[in-house]
Amino acid sequence: MNEGKYVFTQVTSLIPRQIFQRLVKKYNGDYRVREFNCTNQLKYMLFGQLTACKSLRDICLCLSAHQDILYGLGITTSVNESSLSRANESRDYHIYEGLGQALIKIVRPLYSKMRAEYLAPQDHDIFALDSTTISCSLKLMNWAQGKYNKGAVKMHTLIDLRGSIPTFIHITDGRCHDSNVLDLLDIVPNSIYTMDKAYIDFEALERIDSEGAFFVTRAKDNIKYEITSTNFNVDQSTGLMEDHIIRLTGYKSKRLYPKEFRLIKFCDNETGELITFISNIVDQLEFNGLEIANIYRHRWDIESFFKLIKQNLTVKHLMGCSENAVKTHLWIAICSYLLLARIKAIYDSPYSITEIGTLIRVFALVKTDLKKLVTEPQPLIQNQDVKELTLFDC
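Worth saying up front: this structure is predicted, and the values here are computed from it rather than measured.

## Side note on the packing of aromatic side chains
Then comes step 1: Evaluation of the coordinates by the stated rule reveals 10 aromatic pairs.
Then comes step 2: Centroid distance F127 to Y193: 5.2 Å. Interplanar angle 25°. Geometry classified as stacked. With F127 in strand β1 (residues 126–136) and Y193 in strand β4 (residues 192–195), this residue pair connects regions lying 66 residues apart in the sequence.
Then comes step 3: Residue class for F127 comes out buried when judged on its relative accessible area of 2%.
Then comes step 4: Three or more aromatic residues link up through ring pairs in this structure, and these residues are F202, F215, Y257 and F261.
Then comes step 5: Above the plane of the ring of Y251 lies R255, whose end atom (NZ or CZ) is 4.2 Å from the centre.
Then comes step 6: A cation over an aromatic ring shows up here: R299 above the ring of W300, its NZ or CZ 5.0 Å from the ring centre.

Right, here's the structure in full:
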């Protein structure tokens, strides 16, 4: 039992310490540091994420008000916001990027056995790729150039749709086009990648196909093609309107992607919108057109992931202006999400990740058993014998 430990201490105990210390040594994180080392920096920033602090000042204010319990939280020294800010700017963000990658390798297998009900064969890994933009001040962050002379930071993310666990994250300025990220991915054979039409780069899509993986995306309106075969066994009552095998005819596109692929037209019954998908899954016996449309429908799970981290973690309020400080902040935010996902998996919690985050935010400085907190629903205490006055009883 951990009833003698603070909830925050129990959460941070799930950090792989040996891996973190190797990363600190590799990137000289504690070089010429006296007291406020990388471990303390990490716990300060994790405290800010898990308790929804909006600034470095809020983090330092809260922890300085509890100096008598800092040792119990695993923090050996107290600092002000200036010292914390200098640490975020000077210590290599690759330390926290490496920690995030290590947590991904630990957490992702915990969700690998989840069933994807919209897939008939369950032997495919399925990923969704998208990016989210965080607005910022161009005057304070001149490295973060965005569109229309505004400042912006982009977080390109690939998530495993079994559990919504991020597997790849790349942080850039706002000018980086989404399709450029396809060249950075390590393609997993026999997996399915779903993305929106901003990622249509036929050269990159051809690389996905050549490495034995599949893609599902929306077609652009100006796509030029010829139909080589048509599947007439289509039930239009399901929303599936057309199912074709096509070949590109554009001067440049047909050289970048000379192979055949699938074109599916699906009508959304709720909005009446006709949506066109393209995919290199040409075997109609393995995946029918409706299953391909459902794969793309679940691409929206990554939008839910972005919404979750923006609403429950401190992501929209950047705690620093330099590129290193911003990447340190965002990677520690991802580490916080992965710790919450790990807690849900290892304790088999009935709560969602959002609800677990809320419980930890409220009970962070309380001594109670973390497993009991996230597995046993809190009883609703009400006095049923009290007769409440109505407006007309006054």
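## Some remarks on unusual backbone geometry
Then comes step 1: For R32, which is not glycine, the phi torsion reads 60° and is therefore positive.
Then comes step 2: By relative accessible area, R32 is classed as exposed at 75%.
Then comes step 3: Even without being a glycine, A52 presents a positive backbone phi close to 65°.

## Side note on the nonpolar core
Then comes step 1: Among the nonpolar cores identified, the biggest contains 95 residues, and Y44, I59, V153 and I360 are the most heavily contacted of them.
Then comes step 2: Dropping the residues within four chain positions of it, I360 is found in contact with V7, V11, L50, L340, I343 and L370.
Then comes step 3: By size, the runner-up hydrophobic cluster in this structure holds 26 residues, among which are A204, L248, L263 and I278.

## Points about helix α3 (residues 38–50)
Then comes step 1: If you check α3, its first and last C-alpha atoms are 18 Å apart, about what 13 residues at 1.5 Å a residue would give, namely 18 Å.
Then comes step 2: Within α3, 12 of the 13 residues are buried, leaving the element largely enclosed by the surrounding structure.
Then comes step 3: Among the residues of α3, those classed as buried are C38, N40, Q41, L42, K43, Y44, M45, L46, F47, G48, Q49 and L50.
Then comes step 4: For α3, the N-terminal capping position is held by N37, with its side-chain oxygen 3.3 Å away from the main-chain nitrogen of T39.
Then comes step 5: Downstream of α3 by a residue or two, A52 has a phi angle that is positive, lying close to 65°.

## Things to note about the pattern of salt bridges
Then comes step 1: A complete count under the given rule lists 15 salt bridges for this structure.
Then comes step 2: Among the salt bridges present, the one from K327 reaches E323, with a minimum N-O distance of 3.0 Å. Linking K327 with E323, this pair stays in helix α11 (residues 323–346), spanning four residues, or about one helical turn.
Then comes step 3: The exposure class assigned to K327 is buried, which follows from its relative accessible area of 10%.
Then comes step 4: Three or more residues joined by partner-sharing salt bridges are found here, namely R108, D125 and D160.

## Describing helix α2 (residues 17–26)
The α-helix winds at 3.6 residues per turn, so residues separated by three or four positions along the chain end up facing the same way.
Then comes step 1: Residues of α2 that are buried: F20, L23 and V24. Down the axis of α2, the smallest arc covering the buried residues is 100°, so these residues share one side. What points out from α2, more than 90 degrees from its buried face, is the exposed set Q18, R22, K25 and K26.
Then comes step 2: The inward-facing, buried residues of α2 contact α3 and α6 (94–107).
Then comes step 3: The positive-phi residue at the C-terminal boundary of α2 is N28, with phi of around 55°.

## Some thoughts on the sheet that holds β4
Then comes step 1: With mixed pairing, the nine strands of this open sheet are ordered in space as β3-β2-β1-β4-β5-β9-β8-β7-β6. A strand with exactly one partner marks an edge of an open sheet, and here the two such strands are β3 (165–173) and β6 (225–230). Recorded for the sheet is a direction-independent mean angle of 25° between the axes of neighbouring strands.
Then comes step 2: One ladder, built from four bridges, connects β1 with β4; its direction is parallel. Looking at the pairing, I126 lines up with I192 of β4.
Then comes step 3: Across the face of the sheet, helix α10 (residues 301–312) comes into contact with β1, β2 (151–160) and β3 while running at roughly 40° to β1.

Rules used throughout
Residues numbered from 1 in each chain as written. Predicted model: local features only at pLDDT ≥ 70, side-chain atom pairs only at ≥ 80, totals over all residues. Heavy atoms only, no water. Phe/Tyr/Trp six-rings, centres within 6.5 Å; stacked < 30°, edge-to-face > 60°. Helix = DSSP H or I, 4+ residues; strand = E, 2+ residues; numbered from the N terminus. Buried < 20%, exposed > 50% of the residue type's maximum accessible area, 1.4 Å probe, protein only. Lys NZ or Arg CZ within 6 Å of the ring centre and 35° of its normal. Core = buried A, V, L, I, M, F, W, Y, C linked by side-chain atoms within 4.5 Å. Contact = heavy atoms within 4.5 Å. Expected span 1.5 Å × (residues − 1). Polar contact = N/O pair within 3.5 Å; in protein donor to acceptor, adjacent residues only side chain to side chain. Salt bridge = Lys/Arg side-chain N within 4 Å of Asp/Glu carboxyl O. Arc of directions from axis to C-beta. Pairing = 2+ DSSP bridges. Axes fitted to C-alpha atoms, helices over the stretch in contact; angles between N-to-C directions.

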